[in-house]
Amino acid sequence: MRGRQYWTIRLRAPVKNRASLTAEYMALFRALESARPADSRLFNDPFAPIFLHEWRRWLYKIARFKLGRQLVEQLLDQVAPGARAAGIARTKWIDDAATAALETATQLVLLGAGFDTRAYRLASAARATVFELDRPETSSAKQAALKTANGSTPERVRLAGIDFNRQSLGEVLTHAGFESTHSACFIWEGVTNYLTADAVDSVLRQIRQAAPNSTLLFTYINRGVLENPERFFGAAKLMARLRSYGEPWTFGLQPEEIEAYLADRGFQLMTDLSVSEVWQRAGRSGSGTRGYEFYRLASAQVQP
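Fair warning: this is a prediction, and the values are worked out from it, not measured in the lab.

## Section: empty space enclosed by the protein
The full count for this structure, using the stated rule, is three cavities of 30 Å³ or more. When its volume is computed, the second largest cavity comes out at roughly 40 Å³. As for the second largest cavity, its lining consists of Trp188, Thr192, Val200, Leu204, Phe218, Tyr220, Phe251, Leu253 and Tyr261. Of all elements in the fold, only α9 (197-210) and β5 (215-221) reach the threshold of two or more residues within the lining of the second largest cavity. Residues belonging to the lining of the second largest cavity are distributed by class as follows: eight nonpolar, one polar and no charged.

And the structure:
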């Protein structure tokens, strides 16, 4: 009976004009990882719990105790194989890559910021002007939670609403005060797979024009998972769940074409790997859990 009730809650239809449900699940994964002891966690996001609602908040409260955390992790890995590992691995990799990029870059741009709190928790971000771009619903929910927990938003963090499928990234950034003469680190995490091919192409070309000598860190999915999800571990369950949320995936690339794809748009590919590789490098593969092989991480440099 409890299992049936759990599934009913989890797979209910999304509420219109609310923050992204997938963004809240990412916050849950980050909160669970941050609940681990300092010597075993891959990162610390002390803000992640403030974005959790309903049963997700209860799961986090249970996970603050060692046995509870183990039970919660096992439950999530059984219900959504690979999802937790993928979310944690991509957070870890982007944290490290952004920290390195911000050694020289003076601007940090979060494209589809969701409940990303790097502006507040990365020491390197404290020296940068941060631009957070997202749907107004998600951005409003995020700022309301942060205001309750942290007070006012720092002046160095600038917010802007955007629909990547319809609006010009260049215009939105300019209006927010982005300096095209200064280098930047762009983070595009968990977004490209929800867009059209034209929107992805347009955003890349506008980054190229607006930010010479800048770094782009982004995620994408292997296009094969859209065509035949049964080929990939955990994909069929995930795709069905995303459709139930009203947030289906629409865009992907083949890993073997990513270098040429980026070059055509003025970027040099620096890194391309799957989240499962990051999970293994972090020493977590021995737990029996693995991330999605079809979910990929890439870094690229804007060519001068």
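Continuing now.
## What about the sheet that holds strand β4 (residues 184-188)?
Pairing between the strands of a sheet is mediated by backbone hydrogen bonds and can be parallel or antiparallel. Strand order in this open sheet of seven strands is β3-β2-β1-β4-β5-β7-β6, and the pairing throughout is mixed. On the outer flanks of this sheet lie β3 (157-161) and β6 (267-274), each paired with one strand and no other. With strand direction ignored, the average angle separating the axes of adjacent strands in the sheet is 15 degrees. Packing against the sheet, helix α8 (residues 169-176) makes contact with β1 (107-111), β2 (129-134), β3 and β4, and its axis sits at approximately 135 degrees to β2.

## So, the pattern of salt bridges
In the structure shown here, the tally under the stated rule is 24 salt bridges. Asp116 is paired through a salt bridge with Arg118; the nearest N and O atoms lie 2.4 Å apart. In this structure, Arg265 and Asp201 form a salt bridge, with 2.7 Å as the shortest nitrogen-oxygen distance. Of the two residues, Arg265 is situated in the loop between α12 (258-263) and β6 and Asp201 in helix α9; the sequence distance between them amounts to 64 residues. The burial state of Arg265 is the same as that of Asp201; both residues are buried.

## Some points on the nonpolar core
Leu108, Cys185, Ile187, Leu217, Trp249, Tyr292 and Phe294 are the most contacted members of the largest nonpolar core, which totals 67 residues. Looking at this core, the element that brings in the most residues is helix α5 (residues 83-101), giving ten residues. Here Phe294 is in contact with Tyr220, Ile221, Asn222, Val225, Phe232, Phe233, Ala235, Leu238 and Trp249, once residues within four sequence places are set aside. Ala184, Leu204, Ile207 and Phe218 belong to the second largest nonpolar core, which has 37 residues in total.

## Thoughts on helix α4 (residues 66-79)
Taking 1.5 Å of rise per residue, 14 residues should cover 20 Å, and α4 covers 20 Å from first to last C-alpha, within 8% of that figure. For α4, the set of buried residues is Gly68, Arg69, Val72, Glu73, Leu76, Asp77 and Val79. One side of α4 holds all its buried residues, which, seen down the axis, span an arc of 165 degrees. The exposed residues of α4 that point more than 90 degrees off its buried face are Lys66, Leu67, Gln74 and Gln78.

## Thoughts on the packing of helix α3 (residues 54-63) against α4
Taken N-terminus to C-terminus, the directions of α3 and α4 make an angle of 135 degrees; their axes are 7 Å apart at the nearest point. One finds that α3 runs oblique with respect to α4. Judged by residue contacts, Leu59, Ile62 and Ala63 of α3 engage Gly68, Arg69, Val72 and Leu76 from α4. Tallied by class, the residues present in the contact of α3 with α4 amount to five nonpolar, one polar and one charged.

## What about the side chain of Ser34?
Along the polypeptide, Ser34 turns up in helix α2 (residues 21-34). Assessed through its relative accessible area of 11%, Ser34 is described here as buried. Among residues more than four places away in sequence, those in contact with Ser34 are Arg41, Phe43, Asn44 and Asp45.

## Describing unusual backbone geometry
If you check the backbone angles, Glu54 has positive phi at about 50 degrees while not being a glycine. Of note in the backbone geometry, Asn213 takes a positive phi value of approximately 60 degrees without being a glycine. Inspection of the secondary structure assignment puts Asn213 in the loop between α9 and β5. We classify Asn213 as partly exposed; its relative accessible area is 46%.

Conventions adopted
- Positions within a chain are numbered from 1, following the residues in the order the chain's sequence is written.
- pLDDT decides what is reported in this predicted model: residues at 70 or higher carry local features, side-chain atom pairs at 80 or more are listed and counted, and totals for whole chains, interfaces and linings draw on all residues regardless.
- Values reported for side chains reflect all heavy atoms of the structure, with hydrogen atoms and water molecules removed beforehand.
- Buried and open spaces are told apart on a 1 Å grid over the protein atoms alone, a cavity being a set of points where a 1.4 Å probe fits but cannot get out and a pocket being an open set with protein on both sides within 12 Å along at least five of seven lines. Residues with an atom within 4 Å of a point are the lining residues.
- Grid points are joined across faces, edges and corners, and a volume is the space filled by probe spheres set on the points.
- Put simply, DSSP H or I for four residues or longer makes a helix, DSSP E for two residues or longer makes a strand, and each gets a number counted from the N terminus.
- Charged means Asp, Glu, Lys or Arg here, nonpolar means Ala, Val, Leu, Ile, Met, Phe, Trp, Tyr, Cys or Pro, and polar covers whatever is left, Gly included.
- Two strands pair under a simple rule: DSSP has to find at least two bridges between them.
- Axis angles are defined between N-to-C directions and span 0 to 180 degrees, where every axis is a line fitted to C-alpha atoms and, for a helix, only to the segment in contact.
- Any two residues whose heavy atoms approach within 4.5 Å are treated as being in contact.
- In the sections that follow, a salt bridge refers to a side-chain nitrogen of Lys or Arg positioned within 4 Å of a carboxyl oxygen of Asp or Glu.
- Each residue is placed in one exposure class: buried if its accessible area under a 1.4 Å probe, protein chains only, is under 20% of its type's maximum, exposed if it is over 50%, and partly exposed if it falls in between.
- By nonpolar core we mean a set of buried residues, namely Ala, Val, Leu, Ile, Met, Phe, Trp, Tyr and Cys, connected to one another through side-chain atoms within 4.5 Å.
- A helix is expected to reach a length of 1.5 Å times the quantity of its residues less one.
- Starting at the helix axis, one direction is taken to each C-beta atom, and the arc is that of these directions.
- Here is the rule for angles: anything less than 35 degrees is roughly parallel, anything more than 145 is roughly antiparallel, 65 through 115 is roughly perpendicular, and the remaining ranges are oblique.

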